[in-house]
Amino acid sequence: MSASTVWLVVVGAAVGSYLLKLAGLSVPPQVLHRPLVRRAVELIPAALLAALVAVNVATTEGALVVDFRLAALAAAAIALALRAPFIVVLVVAGGVGALGYVVAG
Amino acid sequence: MSRGGPDAVTEWLRRIRAERVSRRPTSERDRVVRDGIGLGAAVGLYGVAFGATATAAGLSVWQASVLSLLMFTGASQFALVGVLAAGGGPFAAVGSALLLGTRNTIYGVRLAELLSYRGWRRVAAAHWVIDETTALTVRENGTQLARLAFLSSGCTLFLFWNLTTVAGAVGAQSFGPVLQAALDSVVPAAFLALLWPRLVRGADLLREQRIVTVGGAGIALGLTPVLAPGLQIIVAALAVLLAIELLRLRVPPETRTPRRRVRSERVHGVARRGRRRGG
């Protein structure tokens, strides 16, 4: 992707995100209280985040890959289950990932 | 607020309440501002991770900074660079960022009445409508404290988030392969951390959240060899949602009307039982 395309993506997504925020403050509340809209907004993030986890942990350039990232994710899950703060979770994942990378070569 | 009429008693009650509020504003206001600053500083650390991730995904320091400055909603920013890092195209990147951004629309609806901003103030305030500011604002009663919570958390977060983004983006430029591997491991962990609160006991629509989580991850992995990178993420999210809606349509018409109430009671019942069991 060229630098100018990335700039378009950055600015376009930023403007879109802002308009989504402004819409919330501006539209009559009834519009978003419809059950279908509410459920969609409640559930889309989980599906999307799960897909992002999966793709970022187990794929490389269109192929399924198992490597140090999976160990790091497991460590992060344990940290989350132990209610570690956000930043600790990230540090644990980074540490285990780096270690796995070094050990596995 | 001014629900009472010219009635003397309501007027008297209103005066007492007003007096009580004005007599303890410093401690209340201090608490609100302290919380806002504390949260801003804590979440700001996370901006380092975003800056570093963005650089690793191939964005320049400027592009990472503009994202934090203009987009200013962490999950969407991570989604955008996550898709780019996976080799995704422009539409997949923008699409996933915007899908996650719909959360803020709902937050806006909740905040609109509480903050009751009009005109240019509303246009300006919209930029700071995100998870953290919403969480702090909805705790407060009354427009004054709500606005203070919103502004103090929004201002601190905006400042810290942007400064730490630059720090992370600049720092990551000198990363070697080991630190790069660490960063590659941090990105999925960050998404998992954002996802986690939706999967634990007490979350709204817990059962559905767990189903879409498994479904979203499974479909995304299944489509990875087939679809262009990044696209499988959006398709997975929409497919799961569609599946849930289609399953709902099978419910016989006569039970459809009270369904939502029954459903939500059951969801809360499960949540309550879960908590009791958990101690």
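Cut-offs applied
Residues numbered from 1 in each chain as written. Chains lettered and ligands numbered in written order. Predicted model: local features only at pLDDT ≥ 70, side-chain atom pairs only at ≥ 80, totals over all residues. Heavy atoms only, no water. Helix = DSSP H or I, 4+ residues; strand = E, 2+ residues; numbered from the N terminus. Rg over C-alpha atoms; globule rule 2.2 N^0.38 Å. Buried < 20%, exposed > 50% of the residue type's maximum accessible area, 1.4 Å probe, protein only. Areas by Shrake-Rupley, 256 points an atom, 1.4 Å probe, with all protein chains shown as cover. Contact = heavy atoms within 4.5 Å. pLDDT = per-residue confidence, 0-100. Expected span 1.5 Å × (residues − 1). Arc of directions from axis to C-beta.

Caption draft 1: Just the overall build of chain A, in detail. From N to C terminus, chain A includes four helices and two strands. The secondary structure elements of chain A, listed N-terminal to C-terminal, are α-α-β-β-α-α. Radius of gyration (C-alpha) of chain A: 19 Å, far over the 13 Å computed for a compact globule of 105 residues. Dimensions of chain A, computed from C-alpha atoms along their principal axes, come out at roughly 55 × 40 × 25 Å. Relative to its full complement of 105 residues, chain A shows a buried share of 46%. Only carbon and sulfur atoms are counted for the fraction: they give 73% of the accessible area of chain A, which is about 4,900 Å².

Caption draft 2: Structural detail: the overall build of chain B. From N to C terminus, chain B includes twelve helices and zero strands. In sequence order, the secondary structure elements of chain B are arranged as α-α-α-α-α-α-α-α-α-α-α-α. Looking at chain B as a whole, 46% of its 279 residues are labelled buried. Of the contacts made within chain B by residues no fewer than 6 positions apart, 71% connect residues no fewer than 24 positions apart. Taken as a whole, chain B presents about 14,200 Å² of accessible surface, with 64% of it coming from carbon and sulfur.

Caption draft 3: Up close: the confidence of the model for chain A. For chain A, per-residue confidence averages 90 on the pLDDT scale, and 99% of positions sit at 70 or higher. Put simply, helix α2 (residues 35-58) of chain A is where chain A has its lowest mean pLDDT, 87, and helix α3 (residues 68-81) of chain A is where it has its highest, 97.

Caption draft 4: Expanded view of unusual backbone geometry. Positive phi values are uncommon outside glycine, yet R83 of chain A reaches one of about 60°. Along the polypeptide, R83 of chain A turns up in the loop between α3 and α4 (86-104).

Caption draft 5: Spatial organisation of α4 of chain A. Residue and element names in this part refer to chain A. With 19 residues, α4 extends 27 Å from end C-alpha to end C-alpha; this agrees with the ideal 27 Å at 1.5 Å per step. All buried positions along α4 are accounted for by V89, L90, A93, G94, G97, A98 and G100. Axial view of α4: buried residues confined to an arc of 160°, hence all on one face. Exposed side chains of α4 directed beyond 90 degrees from the buried face belong to V91, L99, V102 and V103.

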